[in-house]
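Architecture and fold: a report
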Amino acid sequence: MNKQKLTVLGATGSIGVNTLDVVAQHRDRYEVVALTGNGQIARLVEQCLQHRPRYAVLADEAALPALRQQLADAGLASVEALAGADALEFVSTLPEVDAVMAAIVGAAGMRPTLAAARAGKRVLLANKETLVMAGRLFMDAVRQGGATLLPIDSEHNAIYQCLPQPFSDQPAQGVRRLLLTASGGPFRQFDAAQLATVTPEQAVRHPNWSMGRKISVDSASLMNKGLEVIEARWLFDLPPERIDVVVHPQSVIHSMVEYVDGSVLAQLGNPDMRTPIAYGLAWPERIEAGVKPLDLFQIARLDFEAPDLVRFPCLGLAFEALRLGGAAPAVLNASNEVAVAAFLDHRIAFNAIARVNEETMRHVASNYDAESLSSLIEADGEARRYAETRLAHA
Ligand code: NAD
Ligand code: MG
């Protein structure tokens, strides 16, 4: 069998590490061509020792000499060290690369992910911010580039699995609505007063999933679910009125599709990202992921509740961004990145994240359209600057 050749963007992060774990279980199927990271050089070099890629790439050019040195010290002279935004695009579009795992966090992931789509790769999309920022442009790039897009976000992967196969980006026949499940995060039962005083340490301790810090805070504020509604809108070409959020604290059902005949299809499994990653890597086949089988007797029950948009306004802001259209989702996303970083830095309170996001969206969104990448990048930039000015008053 010809091995599938892989670039892993964001290899040193939570999704990246899980991806390499699945790859290591299937050396006969996958070969790593490039690994990228930002900062964690020692971990990147360790991954190079294990996977022997041709390229190791850092986002930050200033760190390139240190990467070269550490690769040499590890006896990895055959691995070429590169750095910078162009290098990230280069390894996402190499002719010999079949598949690109897009697992950089935040808007920084957009350019290389878009480049992989344009180059017609199999794109394993974890970086939801690309779709939130530039949903229409990205889906156009997928079509025009002839790329195969496989969602890795567990909810979208679940929905994908519940849709008729082969999946096309046309709205599937007979679908009434999508039901995105949400765990509710660590603060599901907190009241407004408690939410005002929670710490970053509490916010990153997710009850069911182990993830990077930014997405963990987003899960706690339900902004993550909001970003996922926007992501679903583009991936499955359905209007927001047909996308509902269901809080399901056990995180066993990863999402559902309701059909017009009354059928509801759900995908279940233990909350382990190696399931959607393995699905994306092997599609349309199935491979072992190293995930524990689901023990329904131990789980015993599944609960569902409606999301509370008063305590968790970020979810409502995402629906609002879709209603506003244009650059509003990109503005919301950029503001949220600034606000979450400030919260993680102990500069603002948890409930100030939503306030900063709301004010920034109201102030910046209507100044830009979503017709071009340059307009979206400008919107992203202005939203970041504006959000920064709001932090002091939040
Ligand atoms: P993480 O913080 O653990 O890892 C992020 C990766 O991106 C790291 O390799 C880091 O070095 C790299 N990176 C950070 N800033 C960068 C920059 N400016 N330029 C280039 N590279 C940079 O994040 P994660 O939890 O692995 O999440 C990655 C993406 O996957 C996010 O978009 C997240 O929303 C999405 N996602 C994650 C999970 C999960 O379970 N972790 C689930 C669904 C979706
Ligand atoms: Mg998700």
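Here the structure is shown first, and the text comes after it.
In this report, the structure presented in the accompanying data block is examined.

1. Some thoughts on the sheet that holds strand S6 (residues 122-125)
With parallel pairing, the seven strands of this open sheet are ordered in space as S4-S3-S2-S1-S5-S6-S7. Single-partner strands in this sheet number two, and they are strand S4 (80-83) and strand S7 (148-151). The sheet shows a mean angle of 20 degrees between the axes of neighbouring strands, direction not considered. As paired strands, strand S1 (residues 4-9) and strand S5 (residues 99-102) are joined by four bridges and run parallel to one another. The partner of Thr-7 across the bridge, within S5, is Val-100.

2. Focus on the coordination of the magnesium ion (ligand 2)
Within the first shell, the magnesium ion (ligand 2) binds the protein through Asp-153 (OD), Glu-155 (OE) and Glu-228 (OE), at distances of 2.1 to 2.2 Å. All donors of the magnesium ion (ligand 2) come from a single chain, and their spacing in sequence reads D-x1-E-x72-E. One end of the pair, Asp-153, is in the loop between S7 and helix H7 (154-162); the other, Glu-228, is in helix H11 (residues 223-235), and 75 residues separate them in sequence. For the pair Asp-153 and Glu-228, a shared accessibility class is recorded, and that class is buried.

3. Points about helix H10 (residues 213-221)
For H10, the buried fraction is high: seven of the nine residues fall into the buried class. All buried positions along H10 are accounted for by Lys-214, Ser-216, Val-217, Asp-218, Ser-219, Ala-220 and Ser-221. Structurally, H10 contributes buried residues whose contacts are with helix H6 (128-145), helix H9 (200-203), H11, helix H14 (313-324), helix H15 (328-344) and helix H16 (352-364). Directly beyond the C-terminal end of H10, a positive phi value near 70 degrees is found at Leu-222.

4. A short note on the site of ligand 1
Near ligand 1 you find 23 residues, and of these Thr-12, Ser-14, Ile-15, Asn-38 and Glu-129 are the closest. Between ligand 1 and Asn-38, the relevant distance is 2.9 Å, taken from an oxygen atom to a main-chain nitrogen or oxygen of the residue. Between ligand 1 and Gly-212, the relevant distance is 2.9 Å, taken from an oxygen atom to a main-chain nitrogen or oxygen of the residue. Starting from 820 Å² of accessible surface for ligand 1 in isolation, the protein chains cover 86%.

5. Overview of the packing of H6 against H15
Close contact between H6 and H15 brings their axes to 7 Å; oriented N to C, the two are set at 140 degrees. Overall, the two elements H6 and H15 adopt an arrangement that is oblique. Across the interface between the two elements, Glu-129, Val-132 and Met-133 from H6 touch Pro-329, Ala-330, Asn-333 and Glu-337 from H15. Among the residues making up the contact of H6 with H15, the classes are represented as four nonpolar, one polar and two charged.

Thresholds, definitions, all that
- Residues numbered from 1 in each chain as written.
- Chains lettered and ligands numbered in written order.
- Predicted model: local features only at pLDDT ≥ 70, side-chain atom pairs only at ≥ 80, totals over all residues.
- Heavy atoms only, no water.
- Pairing = 2+ DSSP bridges.
- Helix = DSSP H or I, 4+ residues; strand = E, 2+ residues; numbered from the N terminus.
- Axes fitted to C-alpha atoms, helices over the stretch in contact; angles between N-to-C directions.
- Donors = N, O, S within 2.8 Å, 3.2 Å for Na, K, Ca; no water.
- Buried < 20%, exposed > 50% of the residue type's maximum accessible area, 1.4 Å probe, protein only.
- Contact = heavy atoms within 4.5 Å.
- Near = heavy atom within 4 Å.
- Polar contact = N/O pair within 3.5 Å; in protein donor to acceptor, adjacent residues only side chain to side chain.
- Areas by Shrake-Rupley, 256 points an atom, 1.4 Å probe, with all protein chains shown as cover.
- Parallel < 35°, antiparallel > 145°, perpendicular 65-115°, else oblique.
- Nonpolar A, V, L, I, M, F, W, Y, C, P; charged D, E, K, R; others polar.

Function-wise, these values are silent; they only describe arrangement.
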